[in-house]
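Residues per chain are reported as follows:
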Amino acid sequence: MGDRLLGAVALMLVLEGLLPFLNPGTWRRLFERATRLSDGQIRFVGLTSLAGGLLLFLVWS
(Lines give C-alpha, C1' and ligand atoms only; values in the text may rest on other atoms or scores of the structure.)
Protein backbone atom coordinates (compact mmCIF):
# COMPACT_ATOMS: atom_id res chain seq x y z
CA MET A 1 0.00 0.00 0.00
CA GLY A 2 2.80 2.42 0.83
CA ASP A 3 4.50 1.84 -2.52
CA ARG A 4 1.26 2.58 -4.37
CA LEU A 5 0.67 5.74 -2.41
CA LEU A 6 4.20 6.96 -3.06
CA GLY A 7 3.82 6.14 -6.77
CA ALA A 8 0.51 8.00 -6.90
CA VAL A 9 2.03 11.09 -5.28
CA ALA A 10 4.98 10.96 -7.66
CA LEU A 11 2.67 10.71 -10.69
CA MET A 12 0.54 13.58 -9.39
CA LEU A 13 3.63 15.79 -9.07
CA VAL A 14 4.76 14.94 -12.59
CA LEU A 15 1.33 15.71 -14.06
CA GLU A 16 0.96 18.95 -12.09
CA GLY A 17 4.39 20.09 -13.24
CA LEU A 18 3.75 19.58 -16.95
CA LEU A 19 1.68 22.70 -17.69
CA PRO A 20 3.88 25.23 -15.87
CA PHE A 21 6.96 23.68 -17.48
CA LEU A 22 5.59 23.47 -21.02
CA ASN A 23 3.51 26.65 -21.11
CA PRO A 24 4.08 29.00 -18.17
CA GLY A 25 1.99 31.84 -19.67
CA THR A 26 -1.13 29.69 -19.89
CA TRP A 27 -0.51 28.33 -16.41
CA ARG A 28 -0.23 31.88 -15.03
CA ARG A 29 -3.51 32.95 -16.67
CA LEU A 30 -5.31 29.85 -15.36
CA PHE A 31 -3.93 30.47 -11.88
CA GLU A 32 -5.04 34.11 -11.97
CA ARG A 33 -8.54 33.04 -13.02
CA ALA A 34 -8.63 30.46 -10.23
CA THR A 35 -7.89 33.15 -7.63
CA ARG A 36 -11.07 34.97 -8.69
CA LEU A 37 -13.33 31.96 -7.99
CA SER A 38 -15.64 32.07 -4.97
CA ASP A 39 -15.08 29.76 -2.01
CA GLY A 40 -18.07 27.65 -3.08
CA GLN A 41 -16.67 27.18 -6.58
CA ILE A 42 -13.27 26.19 -5.21
CA ARG A 43 -14.90 23.71 -2.82
CA PHE A 44 -16.88 22.20 -5.70
CA VAL A 45 -13.72 21.76 -7.79
CA GLY A 46 -11.96 20.22 -4.79
CA LEU A 47 -14.84 17.87 -4.02
CA THR A 48 -15.12 16.79 -7.66
CA SER A 49 -11.38 16.16 -7.86
CA LEU A 50 -11.39 14.27 -4.56
CA ALA A 51 -14.35 12.09 -5.56
CA GLY A 52 -12.92 11.35 -9.01
CA GLY A 53 -9.52 10.45 -7.59
CA LEU A 54 -11.03 8.26 -4.89
CA LEU A 55 -13.23 6.49 -7.44
CA LEU A 56 -10.27 5.82 -9.74
CA PHE A 57 -8.19 4.60 -6.83
CA LEU A 58 -10.91 2.20 -5.66
CA VAL A 59 -11.56 0.86 -9.17
CA TRP A 60 -7.88 0.22 -9.95
CA SER A 61 -6.81 -1.16 -6.57
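Quick caveat, the model's predicted, so the values are computed rather than measured. For every chain, the first residue of the written sequence is number 1, and numbering continues from 1 along that sequence. The predicted origin of the model limits local features to residues at a pLDDT of at least 70 and limits the giving and counting of side-chain atom pairs to 80 or more, whereas totals for whole chains, interfaces and linings rest on all residues. Derived side-chain values reflect all non-hydrogen atoms in the structure, with water molecules and hydrogen atoms excluded from consideration.

(A) Representation of the layout of surface pockets. Using only the protein atoms, space was sampled on a 1 Å grid; points where a 1.4 Å probe fits but cannot get out form cavities, open sets with protein on both sides within 12 Å along at least five of seven lines form pockets, and lining residues are those with an atom within 4 Å of a point. Grid points are joined across faces, edges and corners, and a volume is the space filled by probe spheres set on the points. The computed volume of the largest pocket comes to approximately 520 Å³. Around the largest pocket sit 14 residues that line it, and Ala8, Leu11, Gly53, Leu56 and Phe57 are the ones nearest its centre. A run of DSSP states H or I qualifies as a helix once it reaches four residues; a run of E qualifies as a strand once it reaches two. Both are numbered from the N-terminal end. Secondary structure elements with two or more residues in the lining of the largest pocket: α1 (2-22) and α3 (39-60). Per element, the largest residue contribution to the lining of the largest pocket is seven residues, and it comes from α1.

(B) Looking closely at the packing of α1 against helix α2 (residues 24-35). The axes used here are C-alpha line fits, helices contributing only the stretch in contact, and every angle between their N-to-C directions lies in the interval 0 to 180 degrees. Closest axis-to-axis distance for the α1/α2 pair is 5 Å, and the angle between their directions is 115°. Classified by the interaxial angle, the pair formed by α1 and α2 is roughly perpendicular. Along its contact with α1, which presents Leu19, Pro20, Phe21 and Leu22, the element α2 presents Pro24, Trp27 and Leu30. Residues are grouped as follows: Ala, Val, Leu, Ile, Met, Phe, Trp, Tyr, Cys and Pro are nonpolar; Asp, Glu, Lys and Arg are charged; all remaining types, including Gly, are polar. Residue composition of the contact of α1 with α2, by class: seven nonpolar, no polar and no charged. Each angle gets one of four labels, with under 35 degrees taken as roughly parallel, over 145 as roughly antiparallel, 65 to 115 as roughly perpendicular, and the rest as oblique. In what follows, residue pairs with any heavy atoms lying within 4.5 Å of each other are defined as contacts.

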